[in-house]
Amino acid sequence: AQSVTQLGSHVSVSEGALVLLRCNYSSSVPPYLFWYVQYPNQGLQLLLKYTSAATLVKGINGFEAEFKKSETSFHLTKPSAHMSDAAEYFCAVSGMNTGFQKLVFGTGTRLLVSP
Amino acid sequence: NAGVMQNPRHLVRRRGQEARLRCSPMKGHSHVYWYRQLPEEGLKFMVYLQKENIIDESGMPKERFSAEFPKEGPSILRIQQVVRGDSAAYFCASSTGQGRDQPQHFGDGTRLSIL
């Protein structure tokens with residue numbers, strides 16, 4: 001079985017500051033990992049994904065994430081926050097023991113950006 | 001290019017009524033996934049369908065819930081005899097294939113409120 005833990009339901013940063021959103025996963029098989037962003041009253045948009053290739057993954061809007069097997073982590077970072085980054089962010093894992101992309105989501109982290 | 005279209009965006013039902021949620025996948029997508037998001041929680045997988053087939057419904061409550069994806073027309077998530085606990089946002093996603101690295105594209109969801 002797969003699971004995801006997102007530490008911190010809310011993260012507050014100032015505009016221009018580093019963004020760090022934490023995600024730890026549990027998987028009995030090599031995982032595929034994803035970060036999604038959700039703006040109010042909208043669906044989820046894929047930011048980036050890790051599918052067992054490069055451990056440092058670059059996504060859209062300047063975000064990137066690093067897969068660390070030893071720490072079972074896949075933290076999301078952005079060097080400089082922008083006001084438009086304020087949203088809810090979800091980490092998700094897809095296990096290999098299903099024949100399709102059955103996503104298991106974390107509970108989300110709301111990013112607040114202040115001027 | 002139209003994305004995943006869900007309607008209605010908001011649906012209000014009284015306890016005991018039926019709710020029908022519709023999802024039209026992106027053009028060229030024949031794989032549909034339904035997720036439920038309770039307040040302050042992440043998305044939970046409900047069901048995965050291909051045209052005319054339910055592939056995995058392990059996340060679907062055993063009673064009152066059903067899903068279909070007919071050869072023609074949108075996918076339908078049906079909830080019979082709704083109860084207060086069914087109040088949630090229901091999201092549909094679609095993809096071109098079932099591989100674990102196939103990105104899922106999400107609709108904006110249907111917010112279901114039960115009076």
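The structure under discussion appears in the preceding block.
Residues numbered from 1 in each chain as written. Chains lettered and ligands numbered in written order. Predicted model: local features only at pLDDT ≥ 70, side-chain atom pairs only at ≥ 80, totals over all residues. Heavy atoms only, no water.

## What about the overall build of chain A?
When its secondary structure is counted, chain A shows zero helices and twelve strands. For chain A, the α and β elements follow one another from N to C terminus as β-β-β-β-β-β-β-β-β-β-β-β. Counting only C-alpha atoms and orienting by the principal axes, one finds that chain A spans roughly 45 × 30 × 20 Å. Counting only residues that meet the buried cut, chain A has 45% of its 115 residues in that class. The long-range share in chain A, meaning contacts at least 24 apart out of those at least 6 apart in sequence, stands at 57%. As displayed, chain A has an accessible area near 5200 Å², and 54% of this comes from carbon and sulfur atoms. One way to put it: in chain A the 8 positive side-chain charges average out to a point 8 Å from where the 6 negative ones average out. (Helix = DSSP H or I, 4+ residues; strand = E, 2+ residues; numbered from the N terminus. Buried < 20%, exposed > 50% of the residue type's maximum accessible area, 1.4 Å probe, protein only. Contact = heavy atoms within 4.5 Å. Areas by Shrake-Rupley, 256 points an atom, 1.4 Å probe, with all protein chains shown as cover. Lys, Arg positive; Asp, Glu negative; His and termini not counted. Charge placed at Lys NZ, Arg CZ, Asp CG, Glu CD.)

## So, the interface of chain A and chain B
Tallying the contact residues gives 26 residues for chain A and 24 residues for chain B. Carbon and sulfur atoms supply 50% of the area that chain A and chain B bury against each other, a total of about 2000 Å² over both sides. Our count for the contact surface shared by chain A and chain B stands at one salt bridge. Its salt-bridge partner being Lys102 of chain A, residue Asp56 of chain B comes within 3.7 Å of it at the nearest N-O pair. At the boundary of chain A with chain B, the tally comes to four residue pairs in polar contact (both at pLDDT 80 or more). At the level of elements, strand S5 (32-38), strand S6 (44-50), strand S10 (87-94) and strand S11 (103-105) of chain A are the ones that each hand at least two residues to the side of chain A that touches chain B. It is S5 of chain A that contributes the most residues to the side of chain A that touches chain B, four residues altogether. Taken together, the residues of the side of chain A that touches chain B break down into twelve nonpolar, twelve polar and two charged. (Buried area = accessible area lost by both parts, 1.4 Å probe. Salt bridge = Lys/Arg side-chain N within 4 Å of Asp/Glu carboxyl O. Polar contact = N/O pair within 3.5 Å; in protein donor to acceptor, adjacent residues only side chain to side chain. Nonpolar A, V, L, I, M, F, W, Y, C, P; charged D, E, K, R; others polar.)

## Focus: the state of the cysteines
All names here are of chain A. All told, the structure shown has two disulfides over all chains when counted by the stated rule. For Cys23, the disulfide goes to Cys91, at an S-S distance of 2.0 Å. Note on the Cys23 and Cys91 pair: the S-S dihedral is about -60 degrees, so by sign convention the disulfide is left-handed. In this pair, Cys23 sits in the loop between strand S3 (19-21) and strand S4 (24-26) while Cys91 sits in strand S10, placing the two residues 68 residues apart along the sequence. Taking the relative accessible area as the measure of exposure, Cys23 reaches 0% and is therefore buried. (Disulfide = S-S within 2.5 Å.)

## Brief notes about the layout of surface pockets
A volume near 480 Å³ is recorded for the largest pocket. Along the wall of the largest pocket there are 22 residues; nearest its centre are Gln38, Glu88 and Arg110 of chain A together with Gln37 and Glu40 of chain B. Breaking the lining of the largest pocket down by element, the ones donating at least two residues are S10 of chain A together with strand S9 (88-95) of chain B. Taken together, the residues of the lining of the largest pocket sort by class into nine nonpolar, eight polar and five charged. (1 Å grid on protein atoms, 1.4 Å probe; cavity = no way out; pocket = protein on both sides within 12 Å on 5 of 7 lines; lining within 4 Å. Points joined across faces, edges and corners; volume = space filled by probe spheres on them.)

## As for the pairing of strand S9 (residues 73-78) of chain A
Residues and elements named next belong to chain A. Burial within S9 is extensive, with five of its six residues counted as buried. Note that S3 and S9 share three bridges and pair antiparallel. By the bridge assignment for S9, Leu20 is matched with Thr77. From the end of strand S8 (residues 64-68) to the start of S9, which pair antiparallel, there are four residues, and Thr72 there has a positive phi angle of about 45 degrees. (Pairing = 2+ DSSP bridges.)

## Things to note about the packing of aromatic side chains
All names here are of chain B. Evaluation of the coordinates by the stated rule reveals 13 aromatic pairs over all chains. Ring geometry for Tyr35 versus Phe45: centroids 6.1 Å apart, planes at 75 degrees, classification edge-to-face. One end of the pair, Tyr35, is in strand S4 (residues 31-37); the other, Phe45, is in strand S5 (residues 43-50), with ten residues separating them in the sequence. Taking relative accessible area as the criterion, Tyr35 reaches 0% and is therefore assigned buried. Taking the relative accessible area as the measure of exposure, Phe45 reaches 10% and is therefore buried. (Phe/Tyr/Trp six-rings, centres within 6.5 Å; stacked < 30°, edge-to-face > 60°.)

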